[in-house]
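Tertiary structure, described
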Amino acid sequence: MTIVALNSKSASAILPRGGGVRGALSDLFWRKPKLLLLLMLLPPVLWLGIVYVGSLFALLLQSFFSIDEFSGLINRQFTLKTYGDLLQAANLDIILRTVTMAALVTFASAIIAFPIAYYAARYARGRWKALFYLGVMLPLWSSYLVKIYAWKLILAKEGILTWLLAKLHLLWLLDGWLSLPVVGGNSLSVSSTGTFIVFVYVWLPFMILPVQAALERVPGNLVEASSDLGASPGQTFRNVLFPLALPGIVAGSIFTFSLTLGDYIIPQIIGTSRLFIGQAVYSQQGTAGNIPLAAAFTVVPIVIMGLYLWGAKRMGAFDAL
Amino acid sequence: MRSDGSPSAPLGLKIAAACGLLFLHLPIFLIFVYAFTTEEKSFAWPPPGLTMQWFAVTWNRPDVWEALSLSVRVAAISTLVALVLGTLCAAAVSRTRFFGRETISLLVILPIALPGIITGIALRSAFSLAEIPFSFWTIVLGHATFCVVVVYNNAVARFRRTSGSMIEASMDLGADGFQTFRHVVLPNIATALLAGGMLAFALSFDEVIVTTFTAGQQQTLPIWMLEELIRPRQRPVTNVVAMVVVLVTLLPILVAYYLTRDGDQIAGSGK
């Protein structure tokens, strides 16, 4: 593609050395590729290393400061007191609630994601394959807030879900569920059930993609061989498909777990007044002005995700990403 | 490779997959219906009537326009920064093996792997430590940081498919480094960069979690929407804005898909 462009200049077999600064630079990079590499890496590493990692360290550092309870000023002396505060019953409650929610959301998205991923990987061909791909990609990239807003419309007391259940004469089911402790509430949009549904909805595409990637690599004849050897579909799933899809599920669960741990907008808009980690961080650094405790709270998801990633790596989940 | 032609899927699987896809798409369609409803005070379904008047009302709202303009400007600048940084990083990582190469990949992915709230609060506390006031540039700083990864992913995938011998051939034919970049490397990676840029734009245009920490009093469009979700002022206007946002983000995704579909990489996998 460039021959035409170059031919006009290459009248002689050996070109004269390029003139000026440009030629000199070009020669220098050719002779010292390490220098070019360094120059290429410098801007991104400076940006990410200083701006991003620098800020992260500054944040971690602050978690070892404490706040003076009377003056509200930050006491810049090394202490573990803030981490002690983290272990108060109210804060432990928040952590436990968030981790439970993250685990439930991960489990539910894995169940809903599997059929879609399996169909797309094994049966969909040509146009259908493209359709499935876009069908997962478009919701994934649609606006996060719009998706939450859509569920606020759906779950509202006067919304479409109540209307649908009324038409089906199933309202007693909804009322029964809402009267339960913990999962229930005044309406679905102010209950933990609502929070759960929206979390599953928003993070589901993140589960489908890696599971599909893992299933694409399962040869079809493996499934056929299993049924030829007399396994029922259930046995084939348990002994062949599921173990092979597991790294994909674990890879997807990294997203669903991590994203649920850190989110503070979904439980704020759809859910009860009981806090999640993200909301605790937000209110501690904002209205309460307790940056050290907020910083200590952010350490919780980092530690949990660190352990999670370590476990996932041992299961070979990163190959499925 | 399958031994026979195309086996059809069991009915149960078809139904489960179809239900899953409907679950993903119906809520977004609902947004389109609500943009036309005549109901002002509640989310009542079915809509009592349909009207176009809210489009006119929204059109005349200066706060919506200001938020939209800020979002577009932030997304444009962040995308530019991410394009430069992401391409440089991808070129360095894919061309050579060097000490710390894995660390660089980790560094790029970290802003998106850690929950947004951590990135947000880390940047905010860094701004307050360094006494940097909130401005247009503090938003860009946050956005560009997590947009790099999308460009990087797309560029790395394309570099992997571009054979190094083309670059050597170009050098052998007498092109200098800059000519090789301009006439050989750039045409090869252009569509991948365009796709990465589109996705970065969509990512930045939609970002709300990090932005709440780095924006101060300024309102990007997602912040405006968040405000409306928490303290609704005029619900029909929110409905219309929501629909427009869906349409605006749809377009770059479709374009990015068509630009990279024949490759083996997944354009959106970076989000």
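Owing to the predicted nature of the structure, the values given are computational and were not obtained by experimental measurement.

Criteria and cut-off values
- Residues numbered from 1 in each chain as written.
- Chains lettered and ligands numbered in written order.
- Predicted model: local features only at pLDDT ≥ 70, side-chain atom pairs only at ≥ 80, totals over all residues.
- Helix = DSSP H or I, 4+ residues; strand = E, 2+ residues; numbered from the N terminus.
- Rg over C-alpha atoms; globule rule 2.2 N^0.38 Å.
- Buried ≥ 20, exposed ≤ 12 C-beta atoms within 10 Å, placed from the backbone.
- Contact = placed C-beta atoms within 7 Å.
- Axes fitted to C-alpha atoms, helices over the stretch in contact; angles between N-to-C directions.
- Parallel < 35°, antiparallel > 145°, perpendicular 65-115°, else oblique.
- Left-handed = near helix turned anticlockwise from the far one by under 90°.
- Nonpolar A, V, L, I, M, F, W, Y, C, P; charged D, E, K, R; others polar.
- Expected span 1.5 Å × (residues − 1).
- Bend = angle between axes of the 7 residues up to and from the residue.
- UniProt positions renumbered as here; feature names shortened; annotations may be inferred.
- Core = buried A, V, L, I, M, F, W, Y, C linked by C-beta atoms within 7 Å.
- Domains from an automatic or database assignment.
- pLDDT = per-residue confidence, 0-100.

**Brief notes about the overall build of chain A**
The number of helices and strands found in chain A is 15 helices and two strands. Taken against the 2.2 N^0.38 rule, which gives 20 Å for 321 residues, the C-alpha radius of gyration of chain A at 27 Å runs more than 25% over that of a compact globule. Taken over the C-alpha atoms alone, chain A extends approximately 90 × 70 × 40 Å along its principal axes.

**Here's the deal with the overall build of chain B**
Per the secondary structure count, chain B includes eleven helices and zero strands. Along its sequence from the N terminus, chain B presents helices and strands in the succession α-α-α-α-α-α-α-α-α-α-α. Here the C-alpha coordinates of chain B stretch approximately 70 × 65 × 30 Å along the principal axes. Each of the 271 residues in chain B was classed as buried or not, and the buried ones make up 48%. Within chain B, residue pairs in contact and separated by at least 24 positions form 78% of the contacts whose partners lie at least 6 positions apart.

**Some words on the packing of helix α5 (residues 116-129) of chain B against helix α6 (residues 136-161) of chain B**
All names here are of chain B. Contact geometry of α5 with α6 gives a least axis separation of 11 Å together with a crossing angle of 140°. Considering the angle they form, α5 stands oblique to α6. Like other packed secondary-structure pairs, α5 and α6 cross with a definite hand, here right-handed. Touching T119, L123 and F127 of α5 are T138, L141, G142 and F146, all from α6. By residue class, the composition of the contact of α5 with α6 is four nonpolar, three polar and no charged.

**Regarding helix α1 (residues 11-34) of chain B**
Over its 24 residues, α1 of chain B extends 34 Å from the first C-alpha to the last, a length consistent with the 34 Å expected when each residue adds 1.5 Å. At H25 of chain B, α1 of chain B shows its strongest bend, of approximately 30°, with the proline P27 of chain B following within four residues. Along α1 of chain B, the residues that are buried comprise A17, G20, L21, L24, P27, I31 and Y34 of chain B. Structurally, α1 of chain B contributes buried residues whose contacts are with α5 (89-123), α6 (127-141), α7 (144-155) and α10 (192-216) of chain A together with α11 (235-260) of chain B.

**Quick word on unusual backbone geometry**
One non-glycine residue, H169 of chain A, lies in positive phi territory at about 55°. Tracing the sequence through the fold places H169 of chain A in the loop between α8 (160-167) and α9 (171-178).

**Details of the UniProt feature "domain: ABC transmembrane type-1" (unreviewed entry) in chain B**
Mapped onto this structure's residue numbering, the UniProt feature "domain: ABC transmembrane type-1" (unreviewed entry) falls at residues 68-256 of chain B. Within residues 68-256 of chain B, the helical portion is 84% and the strand portion 0%, while the C-alpha atoms at the span's ends are 22 Å from each other.

**Observations concerning the UniProt feature "domain: ABC transmembrane type-1" (unreviewed entry) in chain A**
Per the UniProt entry, the sites bearing "domain: ABC transmembrane type-1" (unreviewed entry) are residues 95-309 of chain A in this numbering. As annotated, residues 95-309 of chain A has a helix share of 78% and a strand share of 0%, and its two end C-alpha atoms lie 19 Å apart.

**Some points on the UniProt feature "transmembrane region" (unreviewed entry) in chain A**
All names here are of chain A. When the UniProt feature table is mapped onto this chain numbering, "transmembrane region" (unreviewed entry) sits at residues 35-61, 94-119, 131-154, 160-183, 195-215, 244-266 and 287-311. Secondary structure across residues 131-154 divides into 92% helix and 0% strand, with the first and last C-alpha atoms of the span separated by 26 Å. Helix makes up 87% of residues 244-266 and strand makes up 0%, while its end C-alpha atoms are separated by 33 Å.

**With respect to the interface of chain A and chain B**
With 82 residues of chain A in contact, the opposing surface of chain B contributes 81 residues. No other element matches helix α3 (residues 33-62) of chain A, which puts 17 residues into the side of chain A that touches chain B. The residue makeup of the side of chain A that touches chain B, split by class, is 56 nonpolar, 20 polar and six charged.

**Looking at the environment of L138 of chain A**
Mapping L138 of chain A onto the fold places it in helix α6. Taking the C-beta count within 10 Å as the criterion, L138 of chain A has 20 such neighbours and is therefore assigned buried. Along the chain, L138 of chain A and P205 of chain A lie 67 residues apart, while their C-alpha atoms are 9.2 Å from each other. Leave out the neighbours within four places in its chain, and L138 of chain A touches L250 and I253 of chain B.

**A look at the nonpolar core**
With 167 residues, the main nonpolar core has A113, A117 and V211 of chain A together with V148 of chain B as its most contacted residues. Among the elements that make up this core, the one with the highest residue count is α10 of chain A (17 residues). Filtering out sequence-adjacent residues up to four positions away, A113 of chain A remains in contact with L204, M207, I208, V211 and G252 of chain A.

**Remarks on the UniProt feature "transmembrane region" (unreviewed entry) in chain B**
Residues and elements named next belong to chain B. Taking the UniProt record as the reference, the feature "transmembrane region" (unreviewed entry) is found at residues 12-36, 70-92, 104-123, 135-156 and 240-259. Each end of residues 12-36 is marked by a C-alpha atom, and these two atoms are 37 Å apart; helix forms 92% of the span and strand 0%. Segment residues 240-259 splits into 100% helix and 0% strand. End C-alpha atoms: 30 Å apart.

**Points about the packing of helix α15 (residues 291-314) of chain A against α5 of chain B**
Close contact between α15 of chain A and α5 of chain B brings their axes to 10 Å; oriented N to C, the two are set at 145°. Once α15 of chain A is placed against α5 of chain B, the crossing between them reads as left-handed. Packed against α15 of chain A, whose contacting residues are I291, A294, T298, P301 and I302 of chain A, the element α5 of chain B presents I118, I121 and S125 of chain B at the interface. Of the residues in the contact of α15 of chain A with α5 of chain B, the class split is six nonpolar, two polar and no charged.

**Here's the deal with the domain arrangement of chain B**
Residues and elements named next belong to chain B. The assigned domain composition of chain B is domain 1 (9-51) and domain 2 (53-260). The gap between the C-alpha centroids of domain 1 and domain 2 is 30 Å. Per-class residue counts for the side of domain 1 that touches domain 2 are five nonpolar, one polar and one charged.

**Some thoughts on the environment of L168 of chain A**
Residue placement: L168 of chain A occurs in the loop between α8 and α9. Here the alpha-carbon distance between L168 of chain A and P210 of chain A, two residues 42 residues apart in the chain, equals 37 Å.

**Observations concerning the confidence of the model for chain A**
All names here are of chain A. Confidence along chain A averages 83 in pLDDT terms, with 92% of residues attaining 70 or more. By mean pLDDT, helix α1 (residues 3-7) is the weakest element of chain A at 47, and α5 is the strongest at 92. The low-confidence segment residues 1-12 (pLDDT under 50) makes eleven contacts with residues lying over four places distant or belonging to another chain.

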